[in-house]
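Structural features, examined
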Amino acid sequence: MSTAHIHERYKLITRGVEEVLGGDTIQNLLKDGKTPKCYWGTAPTGRPHIGYFVPLIKIGDFLRAGVEVTILLADVHAFLDNLKAPLALVEHRTRYYEHCLRAVFTSLSIPVSKLRFVQGSSYQLSREYNMDNYKLCATVTEHDAKKAGAEIVEQVDSPLLSGLLYPGLQALDEQYLDVDFQFGGVDQRKIFTFAELYLPRLGYRKRAHLMNAMVPGLQGSKMSSSDPNSKIDFLDPPAVVRQKLKKAFCEQGNITENGVLAFVGAVLIPVSELRLERMLESQGQYDGPQPFRTLDAPETTVFSIPRDDKHGGPTHYRTYDELEAAFKAKEVHPGDLKKAVADGIVELLEPVQKTFQQSEEWQNVAELAYPPDVKEVKKKKEKVYTPPPPGKGKNSRPNQPVDTTDPNGHVPPATAIITDPRL
């Protein structure tokens, strides 16, 4: 394999990621003619959202570069994370996630036949895995475990012991899935460095780590499966998508913590670039979905914002940097950007939702995984009459002095006054 080809494969593996730790490990594997192996994991808790497009698109790059990819459905982790998913629902949610991820990969023209899906409990309950976990517990300090999970495990006033186990289990997954590098969000960086420190102490080799940037939510904070106001679910209908985008935070000129603008750079433009690459490779035979641009856009355009002629007509951008600069200069109105993004998201979700509507199995799993919330009806307390004690209550008479003298005027002995001078 030529040096140029090795360089191109490594460039494809690492393009667009936020940070790479241990990139030389991957380069050495490529130079030796070996196939790199990686895993990306997700804990099946709340309904997956469109922020998942970011890592899934990148996984497409891995496959094109010849990387063997494992998708870990981390059911044990989901249960341990402060009971976000009750144990009774974890199995159903694991199946839901697999259905959803397969549909998204297919919608992006990423061949699922090249992916390996693994359920965490299939090996995390083994004797060997648990012995290694005990070894970690005898090696890792409470401080290091808590620090490693600070960005991933939900922080509460009275933390559970399970939150301290989470980083160690994720580190062990690298060994038991037999991978060369792990891929995840930049919010997992502390867990990745934890794994690099502690796996060698168990006699295992240190792995490389690749991290993608986190996409802000619709309100500016992190997009989270547990916060419905920050995200758009894969099965949200078009009307809901447009309504959520309409309410999203997108201050004119503000390019920080702007989830609408960031989604263009993290998802819509990479998808456009991927479609353009396929159009060039097909040599005129491409009949798939088009890039997110208008029909009259220049060939190098990766994103267009349609506008009425009275507002200046459509605008076209060759890179995300161009769009960001225009938005910062207030050349792009938030309303126009929101509409263009909403159109793009609706198009991306259409094939996923079509797959859901055609799959009775997925629909049945969805009902089991996310049953409707049942609000408890509080019973009204029945008033029970309790009679007042004797001498109390509104009809009682005031206390009357008691006459203790007998009919002859003598005071009873018990109440007689003693006048003995000796006392």
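Counting restarts for each chain, with residues numbered from 1 along the sequence as it is written. In keeping with the predicted nature of the model, local features appear solely for residues at pLDDT of at least 70, side-chain atom pairs appear and are counted solely at 80 or more, and the whole-chain, interface and lining totals rest on all residues. Heavy atoms from the whole structure form the basis of all side-chain values; hydrogens and water molecules are not counted.

Quick look at the pattern of salt bridges
Rules: In the sections that follow, a salt bridge refers to a side-chain nitrogen of Lys or Arg positioned within 4 Å of a carboxyl oxygen of Asp or Glu. Put simply, DSSP marks the helices as runs of H or I at least four residues long and the strands as runs of E at least two long, and each gets a number from the N terminus on.
Counted by the stated rule, this structure contains 17 salt bridges. Across the salt bridge formed by Glu19 and Arg189, the nearest N and O atoms sit 2.8 Å from each other. Here Arg189 lies in helix α10 (residues 189-198) and Glu19 lies in strand β1 (residues 19-21), a separation of 170 residues in the sequence. A salt bridge links Lys135 to Asp132; the nearest nitrogen and oxygen atoms lie 3.9 Å apart. Residue Lys135 and its partner Asp132 are both found in helix α7 (residues 127-137); the two are separated by 3 residues, about one turn of the helix.

Concerning the side chain of Gln170
Put simply, the rule reads: We call two residues in contact whenever any of their non-hydrogen atoms come within 4.5 Å of each other.
Mapped onto the elements of the fold, Gln170 is located in helix α9 (residues 162-176). The residues contacting Gln170, other than those within four sequence positions of it, are Tyr39, His77, Gln182, Gln188, Ile191 and Phe192.

Digging into the packing of aromatic side chains
Counted only if it meets this: Side-chain rings of Phe, Tyr and Trp, where Trp is taken by its six-membered ring, are said to pair if the distance between their centres is within 6.5 Å; with planes under 30 degrees apart they count as stacked, over 60 as edge-to-face, and otherwise as tilted. Remark: exposure states derive from per-residue accessible area (1.4 Å probe, protein chains only) relative to the maximum for the residue type, with buried under 20%, exposed over 50%, and partly exposed in between.
Following the criterion strictly, the structure yields 12 aromatic pairs and no others. Geometrically, the ring pair formed by Tyr52 and Tyr97 is edge-to-face, given 6.2 Å between the ring centres and 75 degrees between the ring planes. Here Tyr52, found in the loop between β2 (37-42) and α3 (53-64), pairs with Tyr97, found in helix α5 (residues 87-107); they are 45 residues apart in sequence, far enough to count as distant. For Tyr52, a relative accessible area of 10% translates into the label buried. On the basis of relative accessible area, Tyr97 is assigned to the buried category, the value being 0%. With centroids separated by 5.1 Å and ring planes inclined at 85 degrees, the aromatic side chains of Phe62 and Phe183 adopt a geometry described as edge-to-face. Of the two residues, Phe62 is situated in helix α3 and Phe183 in strand β5 (residues 181-185); the sequence distance between them amounts to 121 residues. The class for Phe183 is buried, based on a relative accessible area of 1%. Taken together, the aromatic side chains of Tyr96, Phe356, Trp362 and Tyr370 make up a single cluster linked through ring pairs.

Notes on the pairing of β5
Applicable threshold: Strand pairing is assigned whenever DSSP detects at least two bridges linking the two strands.
For β5, a buried count of 5 out of 5 residues is recorded, marking the element as mostly surrounded by other parts of the structure. Bridge count between β2 and β5: 3 bridges; the pairing is parallel. Following the sheet pairing, Trp40 is matched in β5 by Phe183. Judged from the 5 bridges that link them, β5 and strand β6 (residues 208-212) form a sheet pairing that is parallel. In the sheet register, Gly184 faces β6, and the bridge partner there is Met211.

Quick look at the packing of α9 against α10
The line we're drawing: A fitted line through C-alpha atoms represents every axis, and for helices the fit uses only the stretch in contact; the resulting angles, taken between N-to-C directions, go from 0 to 180 degrees. We call a crossing left-handed when the near helix sits turned anticlockwise from the far one by less than a right angle, and right-handed when that turn is clockwise. In this classification, the charged set is Asp, Glu, Lys and Arg, the nonpolar set is Ala, Val, Leu, Ile, Met, Phe, Trp, Tyr, Cys and Pro, and all remaining amino acids, among them Gly, are polar.
In contact at an axis separation of 9 Å, α9 and α10 are set at 65 degrees when each is read in the N-to-C sense. The element α9 and its partner α10 pack so that their crossing is right-handed. Where α9 abuts α10, its residues Tyr166, Pro167, Gly168, Gln170, Ala171 and Glu174 lie against Ile191, Phe192, Phe194 and Ala195. For the contact of α9 with α10, a count of residues per class yields 7 nonpolar, 2 polar and 1 charged.

Looking at the packing of α7 against α9
Put simply, the rule reads: Each angle gets one of four labels, with under 35 degrees taken as roughly parallel, over 145 as roughly antiparallel, 65 to 115 as roughly perpendicular, and the rest as oblique.
At a minimum axis separation of 10 Å, α7 and α9 run at an interaxial angle of 130 degrees. On the basis of the axis angle, α7 is oblique to α9. Note on packing geometry: the crossing formed by α7 with α9 is right-handed. Counted together, Glu128, Tyr129, Asp132, Asn133, Leu136 and Cys137 of α7 and Leu165, Gly168, Leu169, Leu172, Asp173 and Tyr176 of α9 form the full contact between these two elements. When grouped by side-chain class, the residues that make up the contact of α7 with α9 number 7 nonpolar, 2 polar and 3 charged.

That's the geometry; what it means functionally is another story.
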